[in-house]
Amino acid sequence: AREECVALTEAMTRSGTTLRWDGLPGPVLDKHSTGGVGDKVSLILAPIIAACGGFVPMISGRGLGHTGGTLDKMAAIPGYRTDPDLDTFRRVVREVGCAIVGQTDDLAPADRRLYAIRDVTATVESIPLITASILSKKLAEGLSALVMDVKVGSGAFADSDATARALAESIVAVAGGAGLPTTALITDMDQVLGTTVGNALEVIEAIDFLKGFAAADHRLRDLVMALAAEILVLGQLATSRADALQKVDASLTFGSAASAFDRMVRMLGGPPDFVQFGRKLLPRAPVIRPCPPPAAGRILSMDVRAIGLAVVELGGGRRRASDAVNPAVGLTDVRPRYAWVDESIPVAVVHAATDDAADAAIATIQRAVRIGERVTSVRPTLRGRVDLSGQFMPSKDGRIE
């Protein structure tokens, strides 16, 4: 029952420290994604929200399996501390407006205990336990409001619209029951998000976005804008979606979002002027090779989980929590679904530590894509929305009303 899930969530939250943000001149907001491949939205969104007057204490996780972790991306930045003490974390949030860090031992410690036994009790896919796990950490952050990005597709936990909707509705209802206003967007993960996969490579794509360069993949921009509008309206920093989008555009055009990212990186131990010089400062892989398609034609579908695992095999992710990660490896120039590929237009460009690793990744990616001629239907990036009352509304022509 929902009441039981609310009670479990609140008990897990109370098992450790809960943050308080008294005296801030704006709402405390956050976004959480259920995980995907190429999902660097948090790196872009947190400084945008900070530039628009919100405060974002984003406590993130490391990647495991085929999905990349926000914390691993930030850890690719030389000197950046993902585990600052609580006083430093508070100071950065207050002074900059955002801080992206890892979970501390005293925030929702019961979640880690329960998480550790879920795979041996066949409850990894339990929607109530997933709900409690996500929300106990978010409630411990001391938020005013939360927006969920629930992924659906071959690269997501939820591989069907029905599962994604059930998870979104559960999170919105339980969060509301625990006193945290929450909405959810259900979004596509049947293709890589953006054009990069891999930690340092995704940081470069994120800072290019913050510098105002047009996203090479319009789906990334669509998703960032939709989530930003959702958060700003929910946090009462904008009166409407149109007003919110105007504020987001201004934060990118005038550089205030990029400045927030720069200051966050500097205050957490990273290099100064990182947005300007980051491309030169981030680690680079020694082997860079194109991945030709198995045949010329259009990419009709892709197994996004397999593509994510190809990056794990390159060393850019982990199968076990103890695995080390090579921040330099991954993919760039990933072509979207329905794009044309041939000998001169590769499916992606592989960044590897060795030629053998590149060969293995190329073989995996070629098996993961289905090439053909005829495109029959195009699935939208934004599938639907669950509002504060728990009502689901499908998107119209890929737009959230």
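Residues numbered from 1 in each chain as written. Predicted model: local features only at pLDDT ≥ 70, side-chain atom pairs only at ≥ 80, totals over all residues. Heavy atoms only, no water.

Asks: I tried to follow the environment of Arg-221 on my own but got confused; where do I start?
Replies: Within the secondary structure, Arg-221 sits in helix α9 (residues 218-234). Sequence separation between Arg-221 and Leu-193 is 28 residues, and the spatial gap between their C-alpha atoms is 9.9 Å. Filtering out sequence-adjacent residues up to four positions away, Arg-221 remains in contact with Phe-209, Ala-215, Asp-249 and Leu-252. (Helix = DSSP H or I, 4+ residues; strand = E, 2+ residues; numbered from the N terminus. Contact = heavy atoms within 4.5 Å.)

Asks: What should I look at first to understand helix α1 (residues 2-13) in this one?
Replies: What sets the pattern is the α-helix's 3.6 residues per turn: residues three or four places apart point alike. Between its terminal C-alpha atoms α1 stretches 16 Å, which fits the 16 Å expected from 12 residues at 1.5 Å a residue. Listing the buried residues of α1 in full gives Cys-5, Val-6, Thr-9, Met-12 and Thr-13. Summarising the axial view, the buried residues of α1 lie within an arc of 130 degrees, below the 170-degree limit, and thus occupy one face. Exposed side chains of α1 directed beyond 90 degrees from the buried face belong to Glu-3 and Glu-4. Of the surrounding elements, those touching the buried residues of α1 are α5 (109-118), α6 (127-140) and α7 (161-177). (Expected span 1.5 Å × (residues − 1). Buried < 20%, exposed > 50% of the residue type's maximum accessible area, 1.4 Å probe, protein only. Arc of directions from axis to C-beta.)

Asks: Any chance you could explain the nonpolar core here in plain terms?
Replies: Ile-48, Ile-77, Phe-261, Met-264, Leu-331 and Val-350 are the most contacted members of the largest nonpolar core, which totals 126 residues. Considering each element in turn, this core owes the most residues, 11 residues, to α9. Apart from the residues within four sequence positions on either side, Met-264 is in contact with Met-74, Tyr-80, Val-92, Val-96, Cys-98, Ala-99 and Ile-100. (Core = buried A, V, L, I, M, F, W, Y, C linked by side-chain atoms within 4.5 Å.)

Asks: Please explain the layout of surface pockets as it appears in this structure.
Replies: Space left empty within the atom packing is revealed by a probe, the size of a water molecule, rolled over the atoms. Considering only enclosed or pocket space, the second largest pocket measures out at about 590 Å³ in volume. Lining the second largest pocket are 28 residues, and of these His-218, Arg-219, Arg-221, Asp-222 and Thr-381 sit closest to its centre. Elements that contribute at least two residues to the lining of the second largest pocket include exactly α9 and α10 (241-253). Counting residues per element, the lining of the second largest pocket draws most heavily on α9, at 7 residues. Among the residues forming the lining of the second largest pocket, the class breakdown is 12 nonpolar, 6 polar and 10 charged. (1 Å grid on protein atoms, 1.4 Å probe; cavity = no way out; pocket = protein on both sides within 12 Å on 5 of 7 lines; lining within 4 Å. Points joined across faces, edges and corners; volume = space filled by probe spheres on them. Nonpolar A, V, L, I, M, F, W, Y, C, P; charged D, E, K, R; others polar.)

Remember, this is a structural readout, not a statement about activity or role.
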